[in-house]
Amino acid sequence: MQPHLTTAIAERLARASHAIGRLSAEHVEARITAATGVRAVLPPLPGMLSVGDRLEVIGRDGSAVPAQVTSSTAQDTTITLFRDATGLGAGAPARLPLCPAAASLPIGPGWIGRVVDPLGQPLDGRGALPLGEPQPIRRAAPPAATRARVGPAVTLGVRAMDLFTTCRLGQRMGLFAGPGVGKSTLLGMLARWSAFDVVVVALVGERGREVREFLEDDLGADGRERSLMFVATADATALMRAEAVQAAMAAAEHFRDRGQRVLLLVDSLTRYCHAVREVALSGGELPVARGYPPSVFAELAGLLERAGPGVEVPGSAAGSITGFFTVLVDGDDLTEPVADAVRGILDGHIILSRQIAERGRYPAIDIPRSLSRVATAWHSAERNEALRLGRQAMAESEELEQLSRMGLYRAGADADSDRMLALNRRLGEFLRQDTRTPADPEDGFAALVALLTAP
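On a predicted model such as this, the values are computed, not experimentally measured, just so you know.

**Remarks on the layout of surface pockets**
Summary: where empty space remains is shown by rolling a probe the size of a single water molecule over the atoms.
Step number 1: For the second largest pocket, the calculated volume is near 610 Å³.
Step number 2: Every residue lining the second largest pocket is counted, 28 residues in all, and those nearest its centre are Gly180, Lys183, Arg207, Glu210 and Arg271.
Step number 3: Listed by contribution, the elements that provide at least two residues to the lining of the second largest pocket are helix H3 (183-193), helix H4 (208-224) and helix H6 (269-282).
Step number 4: Tallying contributions element by element places H4 first for the lining of the second largest pocket, with six residues.
Step number 5: In the lining of the second largest pocket, the residues fall into eight nonpolar, eight polar and 12 charged.

As structure tokens, then:
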């Protein structure tokens, strides 16, 4: 049988199975007792629903509104809606699955190159998505003792990152930045230039106009053809925004479990935590850390631990998820709860500086404050020494520039300090990079050594 016929038959069987699973005979009905904002309340349903189960509420116009159970007590069951409660009221029917199952998405290779919402509905106007194998949206991370270790260094094409914050296969990195310092452009560079099999992107809480700009300007045609993008814009409900990141992680796991090297880009973890906070507070949780309930940090740790290398199987290469997660830091405050928690979980952090961006150096990476926790073990002693000297020059020059601005240091007062300032200026020019040309790390290391040894 020809391959395209086999694929067509498999897709039809998948669609038939999916349709059978949605037949009304497989559901029972209950009536909601209250609806407010994006929440609704059902009477107690012991043994029928658990937290995380999916169901549908029928609106006044007959449309089905997807929802998810977020709390359950002996008095009532609270569900959170994937859209607002307009058109819903007390007495509206809720359709419950007779045999509840964990929420899943039918992800397959045909999803690559598409733009979808967190529920798996296409947003790119290119027709229905081909149905693949159901992938649970929430699952535990691979067992720590059996998952593979991080792999070799990967070429990202961004000179500052390849040299000073070298990323290894399966590593998880945070990009900490305020608004308007080039993080979306940097994510697009990573998606276009890095050598991964699949790129999965989650855009959470973005302005609607920015989605197409990211697709066409930052991602580009080359990046888009091997990317799967999940989108929940700023006007989406909190549950939809939170689910976008979970769905993207599930898709990344799907491809990793098939031995592929996956690049996962999430923009941003801060908006994800804001969405989880809204859902938790609406369910009655109490805030404990600057307005964040405890479940936010439990969800965050569970999510981030799912990224990384897959389970090691003897005789075959394990797939991996190499993740870059952006964190919005208002006023460059890296001690706020989300930023502090993320730095403690991930394998490194990259700080984007507004001051560097204002000087016109992009990517605006603050090298002395950025760190890759697994880079030192990969580089040779000679390279580690060169990187150390480069960091030292940039850190000391920053101090000298502050003293100069206060009038406490003048050029010519100390020859070593003057040399350090000149070296820092040359390093700044060296690290400046446009968005059209990827850099080669081997050439970069040779140029760095030449800069450090120049008179």
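**Digging into the sheet that holds strand S7 (residues 93-97)**
Step number 1: Taken in spatial order, the seven strands line up as S1-S7-S4-S5-S6-S3-S2 in an open sheet, and their pairing is antiparallel. The strands lining the two open edges of the sheet, one partner per strand, are strand S1 (27-31) and strand S2 (34-36). Along the sheet, successive strands turn relative to each other by an average axial angle of 35°, direction set aside.

**Re the nonpolar core**
Nonpolar side chains tend toward joint burial in soluble globular proteins.
Step number 1: Val200, Phe230, Leu264, Leu269 and Phe325 are the most contacted members of the largest nonpolar core, which has 54 residues in total.
Step number 2: With 12 residues, helix H5 (residues 238-256) is the single largest residue contributor to this core.
Step number 3: Membership of the second largest hydrophobic core comes to 50 residues, among which are Leu186, Leu352, Ile365 and Leu452.

**Digging into the packing of H3 against H4**
Step number 1: Look at H3 against H4: their axes get within 8 Å of each other, and the N-to-C directions meet at 5°. Taken as axis vectors, H3 and H4 run roughly parallel relative to one another. Between H3 and H4, the residues in contact are Ser184, Thr185, Leu187, Gly188, Met189, Ala191 and Arg192 and Phe214, Asp217, Asp218, Leu219 and Gly223, respectively.
Step number 2: Within the contact of H3 with H4, the residues separate by chemical class into five nonpolar, four polar and three charged.

**Some points on the confidence of the model for the protein**
Step number 1: Averaged over every residue, the pLDDT of the protein is 86; residues scoring 70 or more account for 89%.
Step number 2: Confidence over residues 21-25 falls short of pLDDT 50; this stretch has five contacts with residues more than four positions distant or in other chains.

**Describing unusual backbone geometry**
Step number 1: A cis amide bond links Asp267 with the next residue in sequence, Ser268, at an omega value of 5°.
Step number 2: If you trace the backbone, Ser268 turns up in the loop between strand S14 (261-267) and H6.
Step number 3: At the junction of Tyr362 and Pro363, the peptide bond is cis and its omega measures out at -5° in the coordinates.
Step number 4: Among the structural elements, Pro363 can be located in the loop between helix H9 (354-358) and strand S18 (371-372).

Calculation criteria
- Residues numbered from 1 in each chain as written.
- Predicted model: local features only at pLDDT ≥ 70, side-chain atom pairs only at ≥ 80, totals over all residues.
- Heavy atoms only, no water.
- 1 Å grid on protein atoms, 1.4 Å probe; cavity = no way out; pocket = protein on both sides within 12 Å on 5 of 7 lines; lining within 4 Å.
- Points joined across faces, edges and corners; volume = space filled by probe spheres on them.
- Helix = DSSP H or I, 4+ residues; strand = E, 2+ residues; numbered from the N terminus.
- Nonpolar A, V, L, I, M, F, W, Y, C, P; charged D, E, K, R; others polar.
- Pairing = 2+ DSSP bridges.
- Axes fitted to C-alpha atoms, helices over the stretch in contact; angles between N-to-C directions.
- Core = buried A, V, L, I, M, F, W, Y, C linked by side-chain atoms within 4.5 Å.
- Buried < 20%, exposed > 50% of the residue type's maximum accessible area, 1.4 Å probe, protein only.
- Parallel < 35°, antiparallel > 145°, perpendicular 65-115°, else oblique.
- Contact = heavy atoms within 4.5 Å.
- pLDDT = per-residue confidence, 0-100.

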